[in-house]
Amino acid sequence: MTQPLKKVGERGIGITIFAFAYLFFLYAPMLVLPFFSFADQTIFRFPIEGFSTRWYEELGERPEMITALWNSIQVGLIASILATIMGLLAAKAITRYAMPGKGVAMGLISLPLFIPEVLLGLALLIILNLASIPLSLVTIAMGHVMLCTPFAMSVLIARMDGFDKSLEEASMDLGESGWMTFWRVTFPLIAPAIVSSLLLTFIVSFDEFLLAFFLQGDQITLPLYIWGQLRFPSNFPPVLALGTCILLVSIVLVVFAEWLRQVGAQGDTPNVGVR
Amino acid sequence: MSAGDYIRIENITKRFGSFHAVDNADFGIKQGEFFSLLGPSGCGKTTLLRMIAGFEFPTEGEIYIDGQPVTGVPANKRPTNMVFQSYAIFPHLDVYDNVAYGLRKLRLDKAELDRRVKEALAMIRMDGFETRKADQMSGGQRQRVALARALVNRPKVLLLDEPLGALDKKLREQMQFELRSLQQNVGITFIFVTHDQEEALSLSDRIAVMQKGKVMQIATPRELYESPTTREVADFIGTINLLNGTVKSKDDKVAVVEAQGLGLVNVPLPADHAFAPAGAEILVGARPEKLDVVRGAPHPGEKGIKGDIGACAYLGDRNHYQVTIAGRAEPLQVATEQGDRSTLASFMPGEQVTISWGDNSLVLLPRT
Ligand SMILES: Nc1ncnc2c1ncn2[C@@H]1O[C@H](COP(=O)(O)OP(=O)(O)OP(=O)(O)O)[C@@H](O)[C@H]1O
Ligand SMILES: [Mg+2]
């Protein structure tokens, strides 16, 4: 096979420095949030004046922030559940039925990922106006469904493609209807991917700013709230504290979603013959 | 096709686009029969089986099972069950729940369900494996679970798509044996797909040989081997020497044929010999083991022709020779039984010998 990998040292110190520098520039900006969230001051400046957890303690005293957080969670739940259902239907159609224009359909569903969000937001806003649909959390959630469905679809298609289709046929052959086959065979086998899709799409929606900005009514989501606080430096440290919490939860969720996806794929038994 | 057929395949054609995967298949299968579909890869065996199972629907024709037309009936409403080539054991369920899968929707009471599952597991000698999952079993064990899962529903017909294809040779031979005795015990009609002619010959009551979507011949293993009706079947089942020939004359039992390299020979007439009137261009077939190699005169009552030994192969239970004869470019394949140890390597390459054959060694086949 290939030669054994060289130890980094043999390649020279340069690449090591490059790798660390890269990681530093990638993640250092993120560390600013937790760093200043524990600083006992309201301006971003070195050296910091002291360590404090008071911004975290203050979190509970800001009802508008809590409302915005709760709004974001609601929007995220609606968007992730709808997007995952749509993604599931699309994945089923694409992996199980022969149909003309399959590639085109897949491309069209993924398109929102590649259109500048500003344009998407503008277009949706115009349409909602034309249809005289009032802007609200619901319209934000609908915008997020568009954005989240491609993510859900790609996670679920990968899983549906990954397992032996004769399992579903075997269930039909043993007398089950298409619907019961889904419940008794397909669903248990793709369950990890469904959870993974829910988590991923929830985070996509939770983080989303631009579409929410265009489609907001009188209720705002958390990213909009944070944006709004930029005008008031005194409000900033608690926002940092909140941001740090969100960062942590997001990382945990993404890692968990990825882990689920991989565990799900490992569960595929080598269903053929002798091992 | 006779009235006693349990399954009837009536003029079944399946096209994918303009491609004929199955081309006008028309035959019947009897109740309790072990029936095989045999043919090379891509000849349409799986497609035909899947139409009987209800996973594919014919472009033309009708299928009847036990007198009922089932042509448009989906798989979950047919009295058939299938053993898949990949076995398709549900990976999230253990052996018990796999076998119980089809019974659950019958809403049997618990004791009855348990009894039937246990009975099925005992039948395939997998009792004690109830809590194993698919990835904790060998290929042979998974194969048995797939069988039990299908048979526990007491189908009218069991369909098997190359169920032994993934097993190694030893295990495959053992499973062939078990499959055959299992079929005789349960008395269920089996339709068995394979591309392995030895497997088909040793297991089946009857075999349908398929080629390029067409059913070429349906017969018992012995008939297929001894009296193939087409060149393709003769070639596909075992090895055969095919010689061009011309019919000189015939009575009601025997044709006198001028065969390339052999001269005038008598060949018994097959049941359907309309293709061979006097003067017709035909083929004469001779299986290697129906010929013999001797020194000097042919066996008493047989005919003989001189030839030179080319390549020899020692195959343990028999010797295989290629013998060149005058008037034919291709050497004849001759297989001789191994006698006692004194006859080992009794013929050497280059040696001049006589090929000996009797009238019943030869078969008459159409040229095309
Ligand atoms: N869904 C399909 N669409 C188009 N062509 C198909 C389809 N299914 C089968 N075919 C074609 O029909 C022919 C017969 O296929 P089939 O699977 O029945 O062959 P087989 O005899 O079972 O071969 P093997 O021994 O390789 O399994 C093949 O040429 C195959 O490419
Ligand atoms: Mg096949």
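Scoring rules and cut-offs
Residues numbered from 1 in each chain as written. Chains lettered and ligands numbered in written order. Predicted model: local features only at pLDDT ≥ 70, side-chain atom pairs only at ≥ 80, totals over all residues. Heavy atoms only, no water. Axes fitted to C-alpha atoms, helices over the stretch in contact; angles between N-to-C directions. Helix = DSSP H or I, 4+ residues; strand = E, 2+ residues; numbered from the N terminus. Parallel < 35°, antiparallel > 145°, perpendicular 65-115°, else oblique. Contact = heavy atoms within 4.5 Å. Nonpolar A, V, L, I, M, F, W, Y, C, P; charged D, E, K, R; others polar. Salt bridge = Lys/Arg side-chain N within 4 Å of Asp/Glu carboxyl O. Buried < 20%, exposed > 50% of the residue type's maximum accessible area, 1.4 Å probe, protein only. Buried area = accessible area lost by both parts, 1.4 Å probe. Polar contact = N/O pair within 3.5 Å; in protein donor to acceptor, adjacent residues only side chain to side chain.

Student: Explain the packing of helix α5 (residues 102-110) of chain A against helix α7 (residues 137-162) of chain A to me, please; I cannot follow it from the model alone.
Tutor: Think of two packed helices as two axes; the pair is described by the angle between the axes and how far apart they sit. Residues and elements named next belong to chain A. Relative orientation of the contacting elements α5 and α7 amounts to 135°, with a least axis distance of 8 Å. When the axes of α5 and α7 are compared, the pair comes out oblique. The segment α5 lies against α7, with M106, I109 and S110 engaging T149, P150, M153 and I157. Looking at the contact of α5 with α7 residue by residue, the classes come out as five nonpolar, two polar and no charged.

Student: What am I meant to see in the pattern of salt bridges here?
Tutor: Pairing is possible between side chains of opposite charge, provided their charged atoms come close. Tallying each qualifying case throughout the model produces 23 salt bridges over all chains. With its nearest N and O atoms 3.1 Å apart, the salt bridge here joins E173 of chain B to K169 of chain B. Here E173 of chain B pairs with K169 of chain B, and both are found in helix α5 (residues 169-186), just four residues apart, close to one helical turn. By relative accessible area, which is 54% here, K169 of chain B ends up exposed. The network of salt bridges with common partners includes E169 of chain A together with K14, R50 and E56 of chain B.

Student: Explain the interface of chain A and chain B to me, please; I cannot follow it from the model alone.
Tutor: Accessible area lost on assembly of the parts is the figure often given for the size of an interface. On the side of chain B, 30 residues touch chain A, which itself brings 25 residues to the contact. Between chain A and chain B lies a buried interface of about 2,500 Å² when both sides are counted; carbon and sulfur atoms form 56% of it. The salt bridge partner of E169 of chain A is R50 of chain B, with a shortest N-O separation of 2.8 Å. For the interface between chain A and chain B, the tally reads 10 residue pairs in polar contact (both at pLDDT 80 or more). Residue assignment for the side of chain A that touches chain B shows that the elements contributing at least two residues are α8 (166-173) and α9 (178-207) of chain A. Take the side of chain A that touches chain B: its biggest share by element is seven residues, from α8 of chain A. The residue inventory of the side of chain A that touches chain B, partitioned by class, reads 10 nonpolar, nine polar and six charged.

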